[in-house]
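Notes for the structure review
Each chain, written out:
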Amino acid sequence: MTEIRPFDRSAAGLEEIASLLRSRFPGAGHLSPAYLGWDYDHNPAGAAIGYNAYADGQLVAHFASRPMRARIGNRDELGLLTQHAATRADYAGKGLFTQLVERTMETGADAGFGFAVAVANANTTHPFVNKLDFQYVRPLEVKIGIAPAPRSRADDDLQFATTWDERSIAWRLARPDRPYRATSRGDRCVVFAPSEMLGIFVEVAEFPRELVPDSIPELSTRNPLRAWVGLDPSRDWSRTAYLEVPVKLRPAPLNLTFRDLTGRGRTLDGDRVRIQAVDFDAF
């Protein structure tokens, strides 16, 4: 018999969650209590929402989502970004993942959140889309080439775009495990994070220069290759030295999915979405 309850935000509770996450994802050393505390409790948009499942007093499954802001059409809304999920191996296949996600979505809707987005991998795309009423929008684009990438332009036809301000950018770039670097392009600032791909840096965000903390060091590397992950119909890649990485060659798929929490049945047009790597938690 399992018991489902909101996750414990105490130091002991975060240690318990981190231990479960690391046991299921041994290569993800960044999933420490310090990282979870930063992620779950320090976000200016609000504290994370999520649930744990217990059996005989032991944590056997966890799911959480953090608040995010996005412009949908002409309206700025508060929504949820689904994040960390893990189920102990001996409890896999018992439906705990779907139960925890559904409870989180219900809590979010009751609290006034308008939507949820998930950048799903191969394991979670099916349950999100076929069991949890998320719309499969489209895979994110992954490109590798010679810097600089084309600039993002103003686009009045966008249907969905994450919104950031000075406080939320400062919090996001204070992620404990990422040595972010930046470079200026006129009035814009491009933020990079190291990847696991042969020293290639990933462009994670392009922000107005005045919103990026001066404490972010300048990018300095001899490797000219860069990667870009996201969706942005305003960028013109046709005259750049960037190539799309085929889905079959990627370490994992990055499938954008969306769920309307307002009851109006809203869906997204994948050709009118802007999402940067900074908008989710891969980098």
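For the structure itself, look to the data block above.
So, here is what we can say about the structure in this document. (Residues numbered from 1 in each chain as written. Predicted model: local features only at pLDDT ≥ 70, side-chain atom pairs only at ≥ 80, totals over all residues. Heavy atoms only, no water.)

**Focus on the pairing of strand 11 (residues 201–208)**
Consecutive residues of a regular strand have side chains that alternate between opposite faces of the sheet. Condition: Each residue gets one of three labels from its accessible area relative to the maximum for its type: buried under 20%, exposed over 50%, partly exposed in between, using a 1.4 Å probe on protein chains only. In this description a helix means any DSSP run of H or I spanning at least four residues, a strand means any run of E spanning at least two, and both kinds are numbered starting from the N terminus. Two strands are counted as paired when DSSP detects at least two bridges linking them.
In terms of burial, strand 11 is a largely internal element, 7 of the 8 residues being buried. Across 7 bridges, the pairing between strand 10 (residues 188–194) and strand 11 is antiparallel. Among the inter-strand pairings, R188 is bridged to a residue of strand 11, identified as P208. Note that strand 11 and strand 12 (residues 225–231) share 3 bridges and pair parallel. Counted as the bridge partner of F201 is R226 from strand 12.

**Side note on the packing of aromatic side chains**
Given two aromatic rings, their pairing is described by the distance between the two centres and the angle made by the two planes. Short version of the rule: Under the pairing criterion, centres of Phe, Tyr and Trp rings, with the six-membered ring standing for Trp, must be within 6.5 Å; the plane angle then separates stacked pairs below 30 degrees from edge-to-face pairs above 60, leaving the rest tilted. Only lysine NZ and arginine CZ atoms are considered, and such an atom sits over a ring when it is within 6 Å of the ring centre and within 35 degrees of the ring normal.
Evaluated as defined, the whole model comprises 12 aromatic pairs. Relative to F207, the ring of W164 has its centre 6.2 Å away and its plane inclined at 65 degrees; by these criteria the two rings are edge-to-face. Of this pair, W164 sits in the loop between strand 8 (160–162) and helix 5 (166–172) while F207 sits in strand 11, and the two are 43 residues apart along the sequence. Note on W228 and W237: the rings are 5.1 Å apart at their centroids and 55 degrees apart in plane angle, and the pair reads as tilted. In terms of burial, W228 and W237 fall into one category: buried. Site record: aromatic cluster; members linked through ring pairs are F63, F97, F128 and F134. Looking at R5, its charged tip hangs above the ring of Y54, at a distance of 3.8 Å from the centre. The ring of Y91 has K94 lying over it, and the distance from NZ or CZ to the ring centre is 5.9 Å.

**Observations regarding the layout of surface pockets**
Note the following rule: With a 1 Å grid laid over protein atoms only, a set of points is called a cavity when a 1.4 Å probe fits there but cannot get out and a pocket when it is open yet has protein on both sides within 12 Å along at least five of seven lines; lining residues have an atom within 4 Å of a point. Grid points are joined across faces, edges and corners, and a volume is the space filled by probe spheres set on the points. Throughout this entry, Asp, Glu, Lys and Arg are counted as charged residues, while Ala, Val, Leu, Ile, Met, Phe, Trp, Tyr, Cys and Pro are counted as nonpolar. The remaining residues, Gly among them, count as polar.
Put simply, the second largest pocket is a space of about 530 Å³. Looking at the lining of the second largest pocket, the elements with two or more residues in it are strand 8, strand 11 and strand 15 (273–276). Across the lining of the second largest pocket, the residue classes tally to 9 nonpolar, 7 polar and 10 charged.

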